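# Notes for the structure review
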Amino acid sequence: MSERKATSRPRHSGGGAAGGSDSGSSSRNVHPQAPGYRTVFCNDREANYLAKYLGNAVSTTKYNLVTFLPKGLYEQFRRVANLYFLTISCLSFTPVSPVSPVTNVIPLSIVLFVSLVKEAFEDWKRLQNDMTINNSPVDLMQDKTWESVPWRSLEVGDIVKVKQDGFFPADLLLLASTNPDGICYIETANLDGETNLKIRKAMEKTWDYVTQEKASEFKGQIQCEQPNNSLYTFTGNLIVQKQTLPLGPNQIVLRGCSLRNTEYIVGVVVFTGHETKVMMNTMNVPSKRSTLEKKLDKVIATLFGVLLTLCIIGAIGSALFVDVRYYYLQLQVNVESEQFNPGNRLVVFVLSIFTLITLYSPIIPISLYVSVEMIKFIQSTKFINNDLHMYHVETNTPALARTSNLNEELGQVEYVFSDKTGTLTRNLMEFFKCSVGGETYGSGVSEIEMGVARQNAADIEEVQRPSSATRDKGFNFDDARLMSGAWRNEPNAEMCREFFRCLAICHTVLPEGEETPDKLKYQAASPDEAALVTAAKNFGFFFYRRTPTMVYVRESNVEKMGNVQDVSYEILNVLEFNSTRKRQSVVCRYKNGRLVLYCKGADTVIYERLGAGSDEIKQITRVHMEQYGEAGLRTLCLAYKELSEDVYESWNEKFINAKSALRDREKKLDEVAELIETDLNLIGCTAIEDKLQEGVPSCIETLAKAGIKIWVLTGDKLETAINIAYACKLINNEMKQFIISSETDEIRDAENRGDPVEIAQLIKETVQNELQKIP
């Protein structure tokens, strides 16, 4: 391949290129690639040139200069009325028409012109949005320096740097991050609506490529799957320095996501433009037609039937009436056209039908469509887009009607299907109560309890806290028995100490800012974790620094009142939380050599792994969790386990092998975790409050009065879900409740027997019987 400048070129869809295994491969050893995968040469545009990958510019417009007129006219003539007026206009050019063609052509032209202008204006808005996105700046590694270039200039294999709060310009392989352990936090709300942050982690081999000098030296190959629309899967390998490293979805950041709580990351472009996962999930702009418009087509068809009936009656009369005796009507002028030739009355009948259709055409008013189009256009651009009641002050986001075709659909909603967390609630977690060693702590009444009390007309007052009390965000706890070191005087002081240390150590939170309690901020993947670490700080266990292997905690009032000491804990292993495990664990070593496993997770999985003994604490804590749940609080169990050096070394060897496995790595890690997360000692549980969004109860009540049926999905326990429904006025005392549940003794017995077919059949029959009882 001749020496070719690595400049931005238009790309066409292609299969990709494959090269040799040497990480520094150039364009000379590029070979045709197998169709099942693609090979990307990192930081080498010449090597990727033969693959003809797509460029990074995207387009979401409905039309272009070539397709606008034909496609736009097709859209307009899908309407029955426009098709009808086109037919009338064509008839007006024939000799049978009694009116001038101008009478019909000009109104139709006006209708089409107005509609096409509206479509062009809306598509122009889409084009402007595309241009804004395609011209967004991003730092690209060129000539060993970071240069700011527009997104559209990126190509597969480029090395880019994305800064905090910036959006990822393409699907990237995460190479390095400014955070410890190569971790970065991303927000995927644009992809899946989730506001919780997700963790992505670079491979240890690439952590060093975070600086400009190191990033410019990076060379390697990425062998991965072809572009697809699966947002949560990715398979591939990174070949760097003659080593093959397996890649998974945890190393990929997708276009459309944004970087949070991280100064910047360095990544390699894997998929660009319309081959990115988010764009492959994007459909072409559909041609939407409202229900009213479809009904209007039926009305017009009915009117046309009436018109045709009138024309047939008139044509029959004309065929019977025509005669040469009526000379005073001067019918002879049209004899040549045979329209009024008494000798051929069938021709008179047929031609009279067309004449009358043209004459009676105003029965369907073309001006109606002009008015409707103008009203919809003005309504969307002047009223909806400028509606102050639909303006969100916090995010400076006004309403935006991207198309005016469906304005009349507003207000015709019959059903609302809603999630609870983050939709009805704020997703801003606050540490509210806790249970430690069988003793419950925390005063105050939750918002859900207040709502239920008001619904039941009960007299309940929330504990008013002193106005001088300052609270950290995420901490809404008040109990003098635990605050300011008073926990040392509790009968279960040792258990309290383990509780606080578990909160301060067992997490993946990153501290940011000055190492002082008032200036340091916590960056967490979820608000729950941030609330728990903030609680530990307020209890006197201030987590202030993290390195890849160490966690530093400033502990107050542990040995004696007023004493403060900085303690470091060596983090040996982190068993991460996922939806299957429903728990998170860390193995840490104290300065004195003590080995401890701290674990936190859902009550169901923690209780399954508790050791024998302490049945009283288990039972009391379970009762406390049920009380917290009924108050609408989110509960989490905490446990710990002392480890011996021999047991840990034996287990750690298995953990290292599972962590380096190339196949079924996640499954093997979960299996190894099961080996050590046994015989745990229960410490207690936390209760976190997630308050309702402002105005949720009144909004739901108003929607219900409007006849809208509302469904809310939640993973809470039955009693908690009912109390939350009362608090947000989803249900009230006037409603009759029907509870359909598969939690019956008969089904539990079947589950103990372990026959999945029997369980499924019993659940089906139970639900059917419950449904039949509903009147």
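Residues numbered from 1 in each chain as written. Predicted model: local features only at pLDDT ≥ 70, side-chain atom pairs only at ≥ 80, totals over all residues. Heavy atoms only, no water.

In the nomenclature of an unreviewed UniProt entry, the chain corresponds to Phospholipid-transporting ATPase from the organism Lactuca virosa. Quoted verbatim from the Subcellular location (unreviewed entry) heading of the UniProt record, the comment on the chain is "Membrane". (UniProt positions renumbered as here; feature names shortened; annotations may be inferred.)

When its secondary structure is counted, the chain shows 21 helices and 28 strands. By the compact-globule yardstick of 28 Å for 775 residues, the chain is too spread out, its C-alpha radius of gyration being 35 Å. For the C-alpha atoms alone, the extent of the chain along its principal axes is close to 125 × 80 × 60 Å. Within the span of the chain, comprising 775 residues, buried residues form 44% of the whole. Total accessible area on the chain is roughly 40300 Å²; 55% of this is exposed by carbon and sulfur atoms. Of note, the chain has its 85 positive side-chain charges centred 5 Å away from the centre of its 97 negative side-chain charges. (Helix = DSSP H or I, 4+ residues; strand = E, 2+ residues; numbered from the N terminus. Rg over C-alpha atoms; globule rule 2.2 N^0.38 Å. Buried < 20%, exposed > 50% of the residue type's maximum accessible area, 1.4 Å probe, protein only. Areas by Shrake-Rupley, 256 points an atom, 1.4 Å probe, with all protein chains shown as cover. Lys, Arg positive; Asp, Glu negative; His and termini not counted. Charge placed at Lys NZ, Arg CZ, Asp CG, Glu CD.)

Where strands meet in a sheet, backbone hydrogen bonds hold them as pairs that are either parallel or antiparallel. Across the sheet, which stays open at both edges, the 3 strands sit in the order S9-S8-S14 with antiparallel pairing between neighbours. Of all strands in the sheet, those with a lone pairing partner are strand S9 (197-201) and strand S14 (258-260), marking the two edges. This sheet shows a mean twist of 45° between the axes of neighbouring strands, independent of strand direction. (Pairing = 2+ DSSP bridges. Axes fitted to C-alpha atoms, helices over the stretch in contact; angles between N-to-C directions.)

Right, let's get into the UniProt feature "active site" (unreviewed entry) in the chain. Within this numbering scheme, the UniProt entry marks Asp-419 as carrying the feature "active site" (unreviewed entry). Tracing the backbone through its elements, the reader meets Asp-419 in strand S16 (residues 415-419). With relative accessibility at 40%, the residue Asp-419 sits in the partly exposed group.

Taken together, the 9 strands give an open sheet; going across it, the order is S18-S17-S27-S26-S25-S24-S23-S22-S21, and neighbouring strands pair in antiparallel fashion. Unpaired on one side and paired on the other, strand S18 (439-441) and strand S21 (541-546) mark the two borders of the sheet. Here the average twist between neighbouring strands, direction ignored, is 30°. Relative to strand S27 (residues 681-692), strand S17 (residues 425-436) runs antiparallel, the two sharing 8 bridges. By the bridge assignment for S27, Glu-430 is matched with Glu-689. Here helix H12 (residues 493-505) sits on the sheet in contact with S17, S18, S21, strand S22 (550-556), strand S23 (564-575), strand S24 (583-589), strand S25 (595-601), strand S26 (634-643) and S27, set at roughly 55° to S27. (Contact = heavy atoms within 4.5 Å.)

In this structure, Phe-431, Phe-477, Leu-482, Phe-499, Phe-539 and Tyr-598 are the most contacted members of the largest nonpolar core, which totals 51 residues. Ranked by residue count, the leading element in this core is H12, at 8 residues. With residues near it in sequence (within four places) discarded, Tyr-598 still touches Glu-498, Arg-501, Cys-502, Ile-505, Cys-506, Gln-584, Ser-585, Val-586, Cys-588, Tyr-590, Ala-639 and Tyr-640. Residues Val-138, Val-160, Leu-172 and Leu-254 belong to the second largest nonpolar core, which totals 49 residues. (Core = buried A, V, L, I, M, F, W, Y, C linked by side-chain atoms within 4.5 Å.)

We now examine the side chain of Gln-584. Topologically, Gln-584 is positioned in strand S24. Accessibility expressed as a relative area gives 5% for Gln-584, which makes it buried. Ignoring any residue separated from it by four or fewer positions in sequence, one finds Gln-584 in contact with Cys-506, His-507, Thr-508, Glu-529, Leu-575, Phe-577, Tyr-598, Cys-599 and Lys-600.

Under the 1.5 Å per step criterion, the end-to-end length of helix H8 (residues 291-321) is 45 Å for 31 residues, consistent within 8% with the ideal 45 Å. If you check which residues of H8 are buried, you get Glu-293, Asp-297, Ile-300, Leu-307, Cys-311, Ala-315, Ser-318 and Ala-319. (Expected span 1.5 Å × (residues − 1).)

The next point concerns the packing of aromatic side chains. Here the structure, examined in full by the defined rule, presents 25 aromatic pairs. A ring pair is formed by Tyr-544 and Tyr-552, whose centres lie 6.3 Å apart and whose planes are at 45°; its orientation type is tilted. Residue classification places Tyr-544 among the buried residues on the basis of a relative accessible area of 4%. Feature note: the residues Phe-431, Phe-475, Phe-477, Trp-487, Phe-499, Phe-500, Phe-539 and Phe-541 constitute an aromatic cluster, connected by ring pairs. Above the face of the Tyr-264 ring, Lys-161 is positioned so that its terminal group lies 4.9 Å from the ring centre. Here the guanidinium or amino end of Arg-594 rests over the ring plane of Tyr-590, the centre of that ring lying 4.8 Å away. (Phe/Tyr/Trp six-rings, centres within 6.5 Å; stacked < 30°, edge-to-face > 60°. Lys NZ or Arg CZ within 6 Å of the ring centre and 35° of its normal.)

The next thing to look at is helix H19 (residues 718-727). Looking at H19, one finds that the buried residues are Thr-720, Asn-723, Ile-724, Ala-725, Tyr-726 and Ala-727. Directly after H19, the chain includes Lys-729, whose backbone phi takes a positive value near 60°.

Tracing the backbone shows Ala-687 in strand S27. In this structure the C-alpha to C-alpha distance between Ala-687 and Glu-225, which are 462 residues apart in sequence, comes to 43 Å. With residues up to four places along the chain from it excluded, the contact list for Ala-687 reads Glu-430, Phe-431, Phe-432, Lys-433, Tyr-628, Leu-633 and Arg-634.

What follows deals with the state of the cysteines. A complete count under the given rule lists 0 disulfides for this structure. Unpaired in terms of disulfides, Cys-90 finds its nearest cysteine sulfur in Cys-311, a separation of 17 Å. Cysteine Cys-257 is unpaired, with the sulfur of Cys-184 as its nearest cysteine sulfur at 9.9 Å. (Disulfide = S-S within 2.5 Å.)

Counted according to the given criterion, the structure contains 33 salt bridges. Here Glu-187 ties to Arg-260 by a salt bridge, and the two come within 3.6 Å at their closest N and O atoms. Of the two residues, Glu-187 sits in strand S8 (residues 183-187) while Arg-260 sits in strand S14, which places them 73 residues apart along the sequence. Judged by its relative accessible area of 21%, Arg-260 is partly exposed. Several salt bridges share partner residues, and in doing so they unite Arg-581, Arg-583, Glu-608, Arg-609, Glu-674 and Glu-677 into one network. (Salt bridge = Lys/Arg side-chain N within 4 Å of Asp/Glu carboxyl O.)

Low pLDDT means the predicted atomic positions in that stretch should not be read closely. Residues at a pLDDT of 70 or more form 90% of the chain, whose mean pLDDT is 83. Averaged pLDDT values over the elements of the chain bottom out at 35 in strand S1 (residues 17-19) and peak at 95 in S25. Per-residue pLDDT stays below 50 along residues 1-34; that stretch engages in 87 contacts with residues further than four places along the chain or on separate chains. For the stretch residues 462-468, pLDDT sits under 50, and the model shows 10 contacts to residues farther than four places along the chain or on other chains. (pLDDT = per-residue confidence, 0-100.)

With that out of the way, let us pick up unusual backbone geometry. Not every positive phi belongs to a glycine, and Asn-43 is a case in point at roughly 60°. Tracing the backbone through its elements, the reader meets Asn-43 in the loop between strand S3 (37-42) and helix H1 (45-49). The phi dihedral of Asp-679 falls on the positive side, at around 55°, and the residue is not glycine. Within the element layout of this structure, Asp-679 appears in the loop between helix H17 (665-676) and S27.

Side chains of Phe-304, Leu-308, Ile-312, Ile-316 and Leu-320 sit close together on the surface and give an oily, nonpolar patch of about 420 Å² of accessible area. Examined against the element boundaries, Ile-316 turns out to sit in helix H8. Assessed through its relative accessible area of 40%, Ile-316 is described here as partly exposed. (Patch = residues over 30% accessible without salt bridge, like charges linked within 9 Å, V, L, I, M, F, W, Y side chains within 5 Å.)

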